[in-house]
Amino acid sequence: MAEKEIISSSENGEQFFEGVEKLIEIWFTPAKNADLRKITRQQWENVLKIVRCEIISFTQSEQVDAYVLSESSMFVSRRRWILKTCGTTTPLRCVRCVLSLARDVAAHAQVQNVFYSRREFARPRSQLKPHHHFDAEVELLDSFFGDGSAYILGPDQDCWYLYTLLPLEGTVGALEKEERETRLSVSGRTQEPDQTIEILMSELDPDVMDIFTRKHSAHAQQATRESGIDQIIPGMVIDDFLFDPCGYSMNGVAKDGCYMTIHITPERECSYVSFESNVPARCYHALAARVLATFRPGRALLTVLATPDSPGAEALRSLQKRGCSGYSQLETTMCQFSGYELLYALYSRFPS
Ligand SMILES: C[S@+](CC[C@H](N)C(=O)[O-])C[C@H]1O[C@@H](n2cnc3c(N)ncnc32)[C@H](O)[C@@H]1O
């Protein structure tokens, strides 16, 4: 297993782990006989060496291969690749290699969409290049994908960065994209309905965090059951891992191809939990409420990215209007991209 990315401050004996993840999702244009799952395990292991993490567990459904990593998760399906890594890993350094493997091994030569996102790190200065600065990340991404667009949403400490090939609705770039797609639509529809909800939580309840330590739980399955993680989206096949002495990661996959993933840094000084899923729903209130009730964060940053024709688009608008019960909505922003809608919302728990 990769060396543990813990930075100890000798002055006060404090332990620190950067739980905040970098998340990259690449969609390739549908192509006959093309499938990213043709890339072998050995080839993924080589890719992940560049990122400075490794595979610790694997599960799959008919539509998606799900890997638990020493620093978070990777999901591989026919034409979508997702890599989510925390600590001081360097996911953008492997993109060139992934694009070559996609072309040479998986027969995927054309990128349709890219989403690279992360919230502000707790300790940005500890990150390795290019992750020490969003400008450097954008420069590297542009060197792979040409002219993408970069966005920063939310206030300083809680800001969320996004790089994507999607132009904002109403811009010249959006008109050009529409024209390209009209030409392509002669040969069929290229974007299926899609939605992703992510909840990034900090200042977590210490009693809940205790469950994700070896002192409290004998194994990952105990932590999954006792915390209620198995009830957040029932019916998923769960692949979970409990680190020593603490820390937890899980992937869930469903028969219909949906996934969920949760990662937990329980250390009191830097507690952090992330939840992500692409499960479709016209309303995300119940799901968000279950996630918040499970982990009891003091602060939560929620994002939903959804195509306008997906059930998630309705869920996004309703979340923006109604917020999450038990939490005050400190900030909310909606963006209309060409082909996707985005909600950013920041919540803080009401004092109990
Ligand atoms: C990989 S997990 C989940 C990280 C995730 N991004 C999150 O949301 O916090 C990180 C937690 O596991 C602990 N851990 C224990 N051994 C580890 C290892 N070999 N590599 C990474 N983390 C480890 C860390 O101290 C931290 O609490």
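Quantities reported herein were computed from a predicted structural model and do not represent experimental measurements. (Residues numbered from 1 in each chain as written. Predicted model: local features only at pLDDT ≥ 70, side-chain atom pairs only at ≥ 80, totals over all residues.)

Asks: Would you mind showing me how to read the domain arrangement of the protein chain here?
Replies: Interface size is commonly expressed as the accessible area that is lost once the parts come together. Split by domain assignment, the protein chain resolves into domain 1 (14-184) and domain 2 (195-349). A C-alpha centroid distance of 20 Å is found between domain 1 and domain 2. Contacts between the two partners involve 36 residues from domain 1 and, on the opposite side, 32 residues from domain 2. Those elements giving two or more residues to the side of domain 1 that touches domain 2 turn out to be β2 (14-16), β4 (55-60), β5 (64-69), β6 (72-77), β8 (111-119) and α4 (172-184). Sorting elements by how many residues they give to the side of domain 1 that touches domain 2 places β4 first, with four residues. Taken together, the residues of the side of domain 1 that touches domain 2 break down into 18 nonpolar, ten polar and eight charged. (Domains from an automatic or database assignment. Contact = placed C-beta atoms within 7 Å. Helix = DSSP H or I, 4+ residues; strand = E, 2+ residues; numbered from the N terminus. Nonpolar A, V, L, I, M, F, W, Y, C, P; charged D, E, K, R; others polar.)

Asks: Hey, could you run me through the sheet that holds strand β7 (residues 80-85) in this one?
Replies: What links the strands of a sheet is backbone hydrogen bonding, and the strands pair in either a parallel or an antiparallel sense. Strand order across the open sheet formed by eight strands is β4-β5-β6-β7-β3-β8-β10-β9, with antiparallel pairing between neighbours. Unpaired on one side and paired on the other, β4 and β9 (149-153) mark the two borders of the sheet. Looking at each pair of strands side by side, their axes are set apart by 10° on average, direction ignored. (Pairing = 2+ DSSP bridges. Axes fitted to C-alpha atoms, helices over the stretch in contact; angles between N-to-C directions.)

Asks: Whenever I open this one, the site of the ligand confuses me. Can you help?
Replies: If you check the shell around the ligand, you find 25 residues, and the closest are Gly19, Cys86, Gly247, His263 and Thr265. Secondary structure elements with two or more residues in the shell around the ligand: β14 (259-265) and β15 (272-277). Taken together, the residues that form the shell around the ligand break down as eleven nonpolar, nine polar and five charged. There are two domains that each give the shell around the ligand at least three residues, and those are domain 1 (14-184) and domain 2 (195-349). (Near = placed C-beta within 6 Å.)

Asks: Help me understand the sheet that holds β14, please; the structure alone is not making it clear to me.
Replies: Here eight strands make up an open sheet; going across it, the order is β12-β13-β14-β15-β11-β16-β18-β17 and the pairing antiparallel. Two strands bound the open sheet, and with one partner strand each, they are β12 (237-242) and β17 (327-337). Strand-to-strand twist in this sheet, taken as the mean axis angle between neighbours without regard to direction, amounts to 10°. Sheet topology note: the β12/strand β13 (residues 248-253) ladder contains six bridges and is antiparallel.

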